[in-house]
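# Chains, contacts and geometry: an overview
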Amino acid sequence: MNRNLYRAFLLLTFLVLNGLILYGLSALWSYLNTGADRATMLHLPAQLTANYIPKVIWSPLKNEGRSMEQQTLQELERDYIKAWYVRNNALETNNHYGVQDYYTDSARVKIFDILDFNKENNTYIKTTTVEHHPTLEFYSADGKLAVLTDKNIQIHKEVFVDDIAVLKKASESTFKVMLLLEDGFWRIRHMVEIENEDHENKVESLPLQAFKTDIANSKGLNYYPKDNPWNMFGKRFNDTIIDNDFKKINSIGLNTIRIFVPYETFEKAVIDEEKLGQLKQTMDLAAKNGLKVTVTLFDFYGDYSLSDWTLTHRHAEKIVNALKDHEALLAWDIKNEPDLDFESRGKENVLSWLHQMIFEIRKWDTKNPITIGWSSPEAAIELLKEVDIVSFHYYRKPDDFKEAYTTLKNTVGTKPMVLQEYGYSSYSGLWNGYLGSAQDQADYYKEMQTVIEEENLPFLLWTLYDFEEVPNAVVGRLPWRKSQQKHFGIIDSHGELKPAYHHIIK
Amino acid sequence: MSLLKLKRTVISEIQDNLKNYGYILVLFVLIVGCKKEMDSSQIITSNPTVLPFKKLNVAGDPIQLKFKDATNELAALIIENSLGTTVLKATKEENMFIFDIPKHITQKAGLCHWTLTENAQIKAKGSFNILPNPNNGTYIESYLGPRSITAVPSDFSMHVIAPTDAYDNPLSDGTKITSTYQFKNNISSNSVTMKNLMGWKNIYAPQQAGRILVTANCNGSNSKELTSIVYPGNAVDFNITYARNHDYADGNQTITFSSDIIKDVYSNIVSDGTLVNFVATNTKNIRLTASGTTLNGIAKARFIHPYEATEWKVKAYVTGAAQSKPISVPFKAAIKGYQITLANDHRLIAIENIQSFMDQIVPDGVPISLTIYDQQGEFVALLKETSRLGEATFELPIEFYDAGKYTIETVVAGISKKQDIVLK
């Protein structure tokens, strides 16, 4: 018996050993058969995905020399913008990578001097440009040399020494640039900063009359469908359900909703056309059911870094241009509760991103008001001058609401204000010791609505339905928070209006 | 392990841990201590003001910014020029901060912005301009293109001149440049004014083919020499002639067509290698072509003589550009006659005595055809042969041609003969 076992063991070991040897040989064989990637023979430009897409607006072509071909102009623009991108990158990392592709021999040594100096002094610079206004000045007859003037480029810069920010600034600069076509690249040969022409970009808030009545009368709620909250667009988009919901919202006497456009789900700067179509469809359904819509952009977005700016701008540009003339549109809400990112992302970063975003959206849409959904009345004092409507959320005790509101109101002055989110969970279960109830919720609303009516404050409550599921991204994984979040609706999971409703609509 | 021992181990472990905690505590105190120190420096605020500085500088000149009432050690001067951003640290002198702008900034022309910050607070800012410095020498970068043009009024090479100073800064707008070119005996200069970092001049093609040499001069510096080649323009219409040994259509000799010297509109001989197509059309409207390329303006092409009397109309073309006047070339018959000899019950047909214009035996290879018709005149077969030593034979084997009456027709060099035969 023992002997048999021993034999079996030997046999197995032999087999396994053989297997391993064969495997080893074959691995060696296949390794030896892998050659260098053939593409490495070619001098290809550093792979740059579309991660730097500032707006480029060419002046009409009136250049000297040869008349410019559209194809070449596109190539010139591509390489010129990439030259900015590689230089921005280089200044941030103090690494020469990519610079030689977009600057000629003599130009790149000057950049390398700066990079080496900065590296030595532990300095780095984060930069982005928002908008370029190039004018083609000259294009040579053989198509190998071009000169352009890039006017009033909006540049945002953060300068760091020893990882401490020493300067943040936004400025406009004008450059004259000479480019040479070398090895199929338009490379920068000369770049000289010159004085800006007088032309300043300013954010002007809209005149109040334009949207006052719509805002003043708005009573509504933050909307998500019952079965797919925080995940409204995409495969689970269902226009019948949304239509019915909107009908219901209208029938219970509300006239406004707030919806959310998630940044990543909408494919960032590219914009998923299908989802944009669904967003439009939602707006159409709102219009059909007599509802006005506040569109909250950049939901679940959390990077505010300069390198990400141009991408977010292109994202907003596409959505704003698609919806700005929609009859149902009430306002643009740039971001939901951005003040919650102050700590993790830096208050300055978040605020300058928001400020720039307002500025950008105002460029494309000159009619609809812009707001930011601050998470508390205290946070809503930020960017007061820039927003058209001051929106804030309130989830604290109703007792303190009036005071918080009045304090804010005194600072705000005449700008319209909206209580953009408030509500109370009727959750009663293990996590709160079965202490909550729909009645508590009703009491909350009773108290809140009294102040709201007194102050004639437009409101959007949270929310229509009790939800069955809440994604982790919203309130985290903790079950006691999730369970609370599931019961903020004014309609329970059986479709019945909760008692709170009677305090909201009278 | 005894209980006591266990206790002791636990206690010693706790002691160890306490020691670690001690270290951590010391570290913490140090960190907090350091932080406090930074805090205290933040409290010191100063209001530095910049002392007068040159707003307009010349590249390469040293630039210094001085700030008085500057006390904060954390002050940093941020300099932004056309190509990048740099942060400078101050040297302190009494109540003053002095910043020496490094060479890589002072040597780059263009606007420079400076900002003095303390703890990320902007304390002062301003800008100065650096102009290119042509005094230390001018370097001329020049480009010429396209480098090959044709001698037509509309064609030109563009001379782009981008002079720089010793630090590779493009010179200021308005700088005068001289663009000079030489063509044959003519040297002419043009004054060009710099604008948009460069100056440019179109050099139009002269009426003659040749080479244009171009150079530029700015502030006493000269560029290297650039060359543009002027090729002759397109050919204009021309004439052709021919040469041949005799005018007999013997199918053996060649006839050579040649163009006269093909020129462009300004009488420049067209470029060597210009392709000329010769097309000959015979009396049966069949076209023959041959082509030749020009050498010193002359293109030649050779055709072989036809076999039978005919007349060619010949024309030559430079495709897309020019053509010749047509000429006509007659050919006399070389072969006057031949004999048909029948043998072996008419199944062996010999064509004999094919003689050329001097009664010489024709060169081998004259095509001979034999067409056979039956009694009703219906076509039966076409047989082809070529001559050898002035004759050719056709055999009509019994396996293919049944016995009976037939008509045969022979054609040699256009001479056709008909004859009835009876096969047995």
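Residues numbered from 1 in each chain as written. Chains lettered and ligands numbered in written order. Predicted model: local features only at pLDDT ≥ 70, side-chain atom pairs only at ≥ 80, totals over all residues.

### Overview of the overall build of chain A
The criterion, for reference: Here a strand is any run of E in DSSP of at least two residues, a helix any run of H or I of at least four, and the numbering for each starts at the N terminus. Throughout, radius of gyration means the C-alpha value; the globule benchmark is 2.2 Å times the number of residues raised to the power 0.38. Here a residue counts as buried when 20 or more other C-beta atoms fall within 10 Å of its C-beta, as exposed when 12 or fewer do, and as partly exposed in between; the C-beta atoms come from the backbone. Once C-beta atoms have been placed from the backbone, residue pairs whose C-beta atoms lie within 7 Å are recorded as contacts.
A count of helices and strands for chain A gives 15 helices and 15 strands. Here the C-alpha radius of gyration of chain A, 29 Å, is well above what a compact globule of 506 residues would show, namely 23 Å. The 506 residues of chain A split such that 41% are buried. For chain A, the share of sequence-separated contacts (at least 6 apart) that also reach a separation of at least 24 residues comes to 72%.

### Regarding the overall build of chain B
Within chain B, the secondary structure is distributed over two helices and 34 strands. Expressed as a percentage of its 424 residues, the buried residues of chain B come to 33%. When contacts within chain B are restricted to residue pairs at least 6 apart in sequence, long-range pairs at least 24 apart make up 60% of them.

### Some points on the environment of Thr49 of chain B
Residues and elements named next belong to chain B. Looking at the element boundaries, Thr49 is found in strand β1 (residues 49-50). Given 13 C-beta atoms within 10 Å, Thr49 falls into the partly exposed group. In the structure, Thr49 is positioned 20 residues away from Asp69 in sequence and 6.7 Å away in space, judged by C-alpha atoms. Excluding its chain neighbours within four sequence positions, the residues that come into contact with Thr49 are Phe67, Lys68, Asp69 and Ala124.

### Concerning the confidence of the model for chain B
Residues and elements named next belong to chain B. For clarity, the threshold we go by: A residue's pLDDT is simply how confident the predictor is in it, with values from 0 to 100.
Looking at chain B, the pLDDT average stands at 87 and 89% of residues meet or exceed 70. pLDDT under 50 marks residues 1-11. Its contacts with residues more than four places away, or in other chains, come to one contact. This model gives residues 29-43 a pLDDT under 50, and the stretch forms three contacts once residues within four places in sequence are excluded. Reported for the predicted complex are a pTM of 0.78 and an ipTM of 0.79.

### Here's the deal with the sheet that holds strand β21 (residues 254-259) of chain B
Residues and elements named next belong to chain B. The criterion, for reference: Note on pairing: two strands pair once DSSP finds at least 2 bridges between them. The axes are straight lines fitted to the C-alpha atoms, using for helices just the contacting stretch, and the angles between their N-to-C directions are given from 0 to 180°.
Judged by pairing direction, the sheet is antiparallel, and its three strands sit side by side in the order β19-β21-β24 without closing on themselves. Here the strands that pair on one side only, and so sit at the sheet edges, are β19 (240-244) and β24 (300-304). Between one strand axis and the next, the sheet turns through 25° on average, direction left out of account. One ladder, built from five bridges, connects β21 with β24; its direction is antiparallel. Paired with Ser258 across the strands is Lys300, a residue of β24.

### Looking at the domain arrangement of chain B
Residues and elements named next belong to chain B. Cut-off, in case you're wondering: Just so you know, the domain bounds were taken from an automatic or database domain assignment. Under the scheme applied here, ten amino acids are nonpolar (Ala, Val, Leu, Ile, Met, Phe, Trp, Tyr, Cys and Pro), four are charged (Asp, Glu, Lys and Arg), and all others, including Gly, are polar.
Domain assignment breaks chain B into domain 1 (1-41), domain 2 (49-131), domain 3 (135-231), domain 4 (240-333) and domain 5 (339-423). Contact residues are listed per partner, giving eight residues for domain 4 and seven residues for domain 5. Here the residues of the side of domain 4 that touches domain 5 sort into four nonpolar, two polar and two charged.

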